[in-house]
Amino acid sequence: MKVLALWAALAAGTAVIGLIPFQPAPAGAVDGPLGPVAALLAVNALAALVLAGLAARLSVAGWRRPAILFAVLFSVETGLSLIEAAFFGDFVKISAAGLAGMAIAGLIRSAIGAVAAALLWRRPAEAGVAGVVRPTLLTGLSFVLLAGLYVILYFAAGATVAWTSEVVRAFYGDGMGIDPGKLTLLQLGRGAVWTALAAVLAATMRGRTLTVAALVGAAFAVLMAAPLLYPGALIPWPVRQVHLVELVLANFVFGGLAVLILRRRVS
């Protein structure tokens, strides 16, 4: 029932935001495996499942619960995606006003989802919950190494999934207009954000390390990849389909590995 309530809150928030004219609809053919309503229900159902998994295991109380959930939901679903969309602006034809509108919509929806999840799953009253762990110290060196790990996984997934697809190569002009140095720096910055999110979740979630690693990996994968199911005109569905697989693989592996590295068992 709690997951259904969270799903309803997210879906209602998405539907209301869709009525606000942040920007004109982009020109071009709208395609995808699902219609607008089916995609709205499916994407928000997936988000509700992974958000519920995170909220149910958060050990913090008060304002920190919705704050952490908001940071994860907005960063993964909206912020990190828009940063990359801005970088690939020559291929993804979206204006600055469009990016701003999507950011505002993401802020509103993420606030609704975070508050709803925090209210539905409150901090357990009992002390000494079994399976509590303590994160290892996140030093500057380990932070840089984890951010670098994300860059490695990003390019590995791109090389083995995205760039093996003819439609992806054609959409991006075989990468001729992409500066590899700038792209690497961008992904290192995004990797720093991913690392910060993983560190916060590793430090605040209860349970066995493997369980938390799976939940964080699933959240990172689903929250970023699921919105590609929405019908749209900016990126053709055959390209989005490949990116969906690429994102799920890279983000799940990074989220899981980051938690495994950051946490260790204590008595």
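All values reported here derive from a predicted model rather than from experimental measurement. (Residues numbered from 1 in each chain as written. Predicted model: local features only at pLDDT ≥ 70, side-chain atom pairs only at ≥ 80, totals over all residues. Heavy atoms only, no water.)

K.L.:
Outline empty space enclosed by the protein, supporting the account with residue identities and numerical values.
P.N.:
With the rule as written, the count across this model stands at one cavity of 30 Å³ or more. Lining the largest cavity we find Tyr154, Glu246, Leu247, Ala250 and Asn251. Among the elements that take part in the lining of the largest cavity, helix H9 (residues 237-262) stands out by supplying four residues, more than any other. Looking at the lining of the largest cavity residue by residue, the class counts come to three nonpolar, one polar and one charged. (1 Å grid on protein atoms, 1.4 Å probe; cavity = no way out; pocket = protein on both sides within 12 Å on 5 of 7 lines; lining within 4 Å. Points joined across faces, edges and corners; volume = space filled by probe spheres on them. Helix = DSSP H or I, 4+ residues; strand = E, 2+ residues; numbered from the N terminus. Nonpolar A, V, L, I, M, F, W, Y, C, P; charged D, E, K, R; others polar.)

K.L.:
Report on the environment of Phe91, specifying residues and quantitative values.
P.N.:
With respect to the secondary-structure elements, Phe91 resides in the loop between helix H3 (64-87) and helix H4 (96-120). The exposure class assigned to Phe91 is buried, which follows from its relative accessible area of 18%. It is 9.3 Å that separates the C-alpha atoms of Phe91 and Gly177, two residues lying 86 residues apart in sequence. (Buried < 20%, exposed > 50% of the residue type's maximum accessible area, 1.4 Å probe, protein only.)

K.L.:
Any chance you could break down the packing of helix H1 (residues 2-18) against helix H2 (residues 36-57) for me, citing the residues and the numbers?
P.N.:
Where H1 meets H2, the closest approach of the two axes is 8 Å, and the angle between their N-to-C directions is 135°. Classified by the interaxial angle, the pair formed by H1 and H2 is oblique. Crossing of H1 against H2: the hand is right-handed. Contacts from Val3, Leu6, Trp7, Leu10, Ala11, Thr14 and Ala15 in H1 reach Leu40, Leu41, Asn44, Ala45, Ala47, Ala48, Leu49, Leu51 and Ala52 in H2. Of the residues contributing to the contact of H1 with H2, the split by class is 14 nonpolar, two polar and no charged. (Axes fitted to C-alpha atoms, helices over the stretch in contact; angles between N-to-C directions. Parallel < 35°, antiparallel > 145°, perpendicular 65-115°, else oblique. Left-handed = near helix turned anticlockwise from the far one by under 90°. Contact = heavy atoms within 4.5 Å.)

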